[in-house]
Amino acid sequence: MLIKTLLATLSAASAVFAATPLESGNWVSVNPGFQTQTCAGGSVSGTTFTIPTSPNGSTSGSGCSNGHLRAERRYNNDYSSGVHQFAGTFKINSMGGSRIAIKQTFNGDAGPYFILAVDTGGRLYSVEGGATLATGVANVGSSVTINTVHNADIHSYRVYVNGQLAFRDDNAPGGSFYDKFGAYTTDSGTGPMSITWSDVAFWTRQ
Ligand SMILES: *[C@@H]1O[C@H](CO)[C@@H](O)[C@H](O)[C@H]1NC(C)=O
């Protein structure tokens, strides 16, 4: 009886915390594979991504040519049409650095498209263009849920922070896109940081 109650409680809890797609439509869950990219001293353990204070000088490995600190997953969900949604919840375990990219919608044809980064003070901003998405949310120990919705057919891209629309671009470029997340220093950024992602999900709209 106790075990039954516990199991019921656990499944209710996971139902509450499972990632859910935002915006209406028939969202179909997909499970793309991924590759791990670690550069210059970055490391990945499960879904925890860690970068040290400064690069170790190595530029060998996938995505390491610029020598930036990197610990990321690159998902193999490449698309150039259709409607795609990502959801994930991150928690910063520790952060001594600043201006660190944590989630990318990368344009495989033209390079970075949308890069979400965290600055000191828990500010979330867009690296390309500099727009602030939220302030005081990405603090050490706080869970923050990010959803991105990309309608590649009509060049519309939206980012939600904890379910609130925080960024929109109705003039997104064309190209072939894929998702990444983890920790990656921007041109002006420094480590260290440890961040854990959970409840990651991908959908396409039918
Ligand atoms: C630097 O770190 C990377 C992993 O991020 C590792 O593959 C490489 O061996 C390290 N290089 C040195 C010189 O420690």
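See the structure shown above.
Source: prediction; values computed, not measured. (Residues numbered from 1 in each chain as written. Predicted model: local features only at pLDDT ≥ 70, side-chain atom pairs only at ≥ 80, totals over all residues. Heavy atoms only, no water.)

### Describing the overall build of the protein chain
Counting its secondary structure elements, the protein chain contains 1 helix and 15 strands. Rg of the C-alpha trace for the protein chain: 17 Å, near the compact-globule value of 17 Å for 206 residues, within the 12% margin. Principal-axis analysis of the C-alpha atoms gives the protein chain an extent of 55 × 45 × 30 Å. Within the protein chain, buried positions represent 44% of all 206 residues. Look at the contacts in the protein chain between residues 6 or more apart in sequence, and 67% of them connect residues 24 or more apart. When the accessible surface of the protein chain is split by element, carbon and sulfur atoms take 51% of a total near 9400 Å². (Helix = DSSP H or I, 4+ residues; strand = E, 2+ residues; numbered from the N terminus. Rg over C-alpha atoms; globule rule 2.2 N^0.38 Å. Buried < 20%, exposed > 50% of the residue type's maximum accessible area, 1.4 Å probe, protein only. Contact = heavy atoms within 4.5 Å. Areas by Shrake-Rupley, 256 points an atom, 1.4 Å probe, with all protein chains shown as cover.)

### A look at the site of the ligand
In the vicinity of the ligand, the contacting residues are Thr38, Cys39, Ala40, Gly41, Gly42, Asn56 and Ser58. Taking glycine 42, its main chain carries an N or O atom lying 2.8 Å from an oxygen atom of the ligand. Asparagine 56 places a side-chain nitrogen or oxygen 2.4 Å from an oxygen atom of the ligand. Calculation on the ligand without its partners gives an accessible area of 370 Å², and the protein chains cover 48% of this total. Split by residue class, the shell around the ligand holds 2 nonpolar, 5 polar and no charged. (Near = heavy atom within 4 Å. Polar contact = N/O pair within 3.5 Å; in protein donor to acceptor, adjacent residues only side chain to side chain. Nonpolar A, V, L, I, M, F, W, Y, C, P; charged D, E, K, R; others polar.)

### Some words on the nonpolar core
Counting residues in each nonpolar core, the largest one holds 37 residues, and the members touching the most others are Phe90, Ile102, Leu124, Ile146, Met193, Ile195 and Trp197. Dropping the residues within four chain positions of it, methionine 193 is found in contact with Phe49, Thr50, Ile51, Ile92, Ser94, Met95, Ile100, Ile102, Val118 and Ala183. Counting 7 residues, the second-largest nonpolar core is a separate cluster that includes Val83, Val149, Ala201 and Trp203. (Core = buried A, V, L, I, M, F, W, Y, C linked by side-chain atoms within 4.5 Å.)

### Some thoughts on the side chain of serine 194
Mapped onto the secondary structure, serine 194 falls in strand 15 (residues 193–205). Sequence-distant contacts of serine 194, that is, excluding residues within four places in its chain, are made with Thr48, Phe49, Thr50, Lys91, Ile92, Asn93 and Ser94.

### Regarding the sheet that holds strand 9 (residues 124–126)
Reading across from one edge, 2-5-14-7-8-9-10 is the order of the 7 strands in this open sheet, with antiparallel pairing throughout. This sheet does not close on itself; its edge strands, each paired only once, are strand 2 (34–39) and strand 10 (132–134). Neighbour-to-neighbour, the strand axes of the sheet open up by a mean angle of 25°, direction not taken into account. Inspection of the sheet shows strand 7 (residues 98–107) paired to strand 8 (residues 111–118) by 7 bridges, in the antiparallel sense. (Pairing = 2+ DSSP bridges. Axes fitted to C-alpha atoms, helices over the stretch in contact; angles between N-to-C directions.)

### Considerations on the environment of asparagine 147
Within the secondary structure, asparagine 147 is located in strand 11 (residues 143–151). Judged by relative accessible area, which is 3%, asparagine 147 ranks as buried. Sequence separation between asparagine 147 and proline 21 is 126 residues, and the spatial gap between their C-alpha atoms is 7.7 Å. Beyond its immediate sequence surroundings of up to four residues, asparagine 147 is in contact with Thr20, Pro21, Leu22, Gln85, Phe86, Ala87, Arg158, Val159 and Tyr160. Looking at asparagine 147, its side chain comes within polar contact range of the main-chain oxygen of threonine 20, at 3.4 Å.

### A few points about the packing of aromatic side chains
When we look at a pair of aromatic rings, we describe it by the centre distance and by the angle of the planes. Inspection of the entire model under this criterion finds 15 aromatic pairs. Taking the centre distance of 5.8 Å and the plane angle of 80° together, the rings of phenylalanine 49 and phenylalanine 181 count as edge-to-face. Linking phenylalanine 49 in strand 4 (residues 48–51) with phenylalanine 181 in strand 14 (residues 177–190), this pair joins segments that are 132 residues apart in sequence. A relative accessible area of 0% places phenylalanine 49 in the buried class. Each ring, one from phenylalanine 181 and one from tryptophan 197, has its centre 5.1 Å from the other, and the planes form 45°; the classification is tilted. Note that phenylalanine 181 is positioned in strand 14 and tryptophan 197 in strand 15, a separation of 16 residues in sequence. Classification of tryptophan 197 by relative accessible area gives buried; the value is 1%. (Phe/Tyr/Trp six-rings, centres within 6.5 Å; stacked < 30°, edge-to-face > 60°.)

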